[in-house]
Amino acid sequence: MRYRNILRAVAIACSALLAFGVGAFDEAAVENSFFPYKTWTPDFPGYEAGMVIDQSNVEQFEEILDPGMYDHLKNGRFKMQTAPTGSLELHPNYIQATRAAVANPPSLSADGTVANFVAGRPFPKEPDPDDPNAGIKLAWNYQYGYNWGDNADICPFFWKYKNMKNGELERTIQWCFRFLNWQHRVNTQPTPELPNNTGKLFRSIYTIALEPFDLKDTQLLIHRYKDDTKRDDAWLYLGFQRRVRRLATGQTTDSFLGTDVMIEDFEGYNSRVSDYDWSYVATKNVLLPFHRHNSLPLTKDHQETDGYQYVEFGGQGNCFADTTWELRKVYQVEARPKDKNHPLSRRVMNIDLSGRTAVVTGGT
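Worth saying up front: this structure is predicted, and the values here are computed from it rather than measured.

### Some words on the environment of glutamine 309
And then number 1: Its location among the elements puts glutamine 309 in the loop between β11 (276-290) and β12 (313-314).
And then number 2: Considering only alpha carbons, one finds glutamine 309 and proline 105, 204 residues apart in sequence, at a separation of 42 Å.
And then number 3: Once residues within four sequence positions are removed from consideration, glutamine 309 is found in contact with His293, Leu298, Thr299, Lys300 and Gln303.

Set out below in structure tokens:
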């Protein structure tokens, strides 16, 4: 009996090792992960790149549209201009950092965090439907995606509150957004980590409102830790109150400044991986917006001193970016919050192979 228990214990240990073990991959996996359209183009019956999808033909393309956009098209709120699928090549240093881990790849720990990770894409292999951890691995690829790079300063950044029914512009907020990666850096020196990171931070996010006057100097600072099981620290400075207050965990899921956006929604998803249970749904082709900026209609509003112009908006209420949409390969994941008081019961995300581009297609 004791011998049988020992064998059972060994079997359980082996199962745990397989489930949470090293995410081994090779050069071919890296090549396929970063250059999926090198020898292949996504397709769908009846779809031709360059066509316009609108109220008259949307039903035949429901399968390659996220539910929200399908509803807008079906109700005639805008017309979708498609374009040929193109590559979005990430920085060579990010790709090289992924290749450098072939001999000693990262692994998924039993607590769901990533071990032995330096930089790049931690799990570049194609997701395995039989892998119970496929979803969380994709979530980590998203969390450690190249995104803006190691640092970013997006200023100005405009939020416009519009009435979709009549197009009335109700409010405009002008922001500056700044991001800093403390660890897993690949491009801007020092790499792969900033020195004197005594707090063991992974990333900092900062934003300040420049206009209008009643919100001027409102600021938000978020510190996210390398240890994903540790809660973020966040502070909000309200300019009109002239006081700083620390944000409680639940406040990142409150409406932010009268919008339908939560702090957790920034950049598609802005929170810890450990806040959700992640599951891989499918690999599929989906129409996603991809800005080829210089070929798009540009607005004369907010022209910058360096000549930069923003993409024009159109459709009902001028609420839809006048951009092109491409049929792209995505990994669809479903995330369910662990906090039972969370305002969403789930998120459904289509993660483009660029690794950081995501369209949140469902939240209830």
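### Quick word on the state of the cysteines
And then number 1: Tallying each qualifying case throughout the model produces one disulfide.
And then number 2: Each sulfur of the disulfide joining cysteine 155 and cysteine 176 lies 1.8 Å from the other. Of this pair, cysteine 155 sits in strand β5 (residues 151-162) while cysteine 176 sits in strand β6 (residues 169-181), and the two are 21 residues apart along the sequence.
And then number 3: Using a relative accessible area of 40% as the deciding quantity, one classes cysteine 155 as partly exposed.

### Remarks on the sheet that holds β6
And then number 1: Pairing in this open sheet of six strands is antiparallel, and the strands run β5-β6-β7-β8-β9-β10 from one edge to the other. Edge strands, defined here as strands with exactly one partner in the open sheet, are β5 and β10 (243-246). Going across the sheet, the axis of each strand differs from the next one's by a mean of 15°, ignoring polarity.
And then number 2: Here strand β9 (residues 233-238) pairs with β10 via four bridges, running antiparallel. Looking at the pairing, tryptophan 235 lines up with arginine 246 of β10.

### Things to note about the packing of aromatic side chains
And then number 1: In this structure the tally under the stated criterion is 25 aromatic pairs.
And then number 2: With a centroid separation of 6.4 Å and 55° between ring planes, the pair formed by phenylalanine 44 and phenylalanine 61 is classed as tilted. Here the residue phenylalanine 44 occupies a position in the loop between α2 (27-34) and β1 (52-53), and phenylalanine 61 occupies one in the loop between β1 and α3 (67-74), the gap between them amounting to 17 residues. Considered together, phenylalanine 44 and phenylalanine 61 belong to a single accessibility category, that of buried residues.
And then number 3: Where phenylalanine 177 meets phenylalanine 266, the ring centres are 5.8 Å apart and the plane angle is 80°; that geometry is what we call edge-to-face. With phenylalanine 177 in strand β6 and phenylalanine 266 in the loop between β10 and β11, this residue pair connects regions lying 89 residues apart in the sequence.
And then number 4: The exposure class assigned to phenylalanine 177 is buried, which follows from its relative accessible area of 7%.
And then number 5: Three or more aromatic residues joined by ring pairs make a cluster, and in this case those are Trp148, Phe157, Trp159, Trp175, Phe177, Phe179, Phe256 and Phe266.
And then number 6: Its end group placed over the ring of phenylalanine 35, lysine 38 keeps NZ or CZ at 5.9 Å from the ring centre.

Thresholds, definitions, all that
- Residues numbered from 1 in each chain as written.
- Predicted model: local features only at pLDDT ≥ 70, side-chain atom pairs only at ≥ 80, totals over all residues.
- Heavy atoms only, no water.
- Helix = DSSP H or I, 4+ residues; strand = E, 2+ residues; numbered from the N terminus.
- Contact = heavy atoms within 4.5 Å.
- Disulfide = S-S within 2.5 Å.
- Buried < 20%, exposed > 50% of the residue type's maximum accessible area, 1.4 Å probe, protein only.
- Pairing = 2+ DSSP bridges.
- Axes fitted to C-alpha atoms, helices over the stretch in contact; angles between N-to-C directions.
- Phe/Tyr/Trp six-rings, centres within 6.5 Å; stacked < 30°, edge-to-face > 60°.
- Lys NZ or Arg CZ within 6 Å of the ring centre and 35° of its normal.

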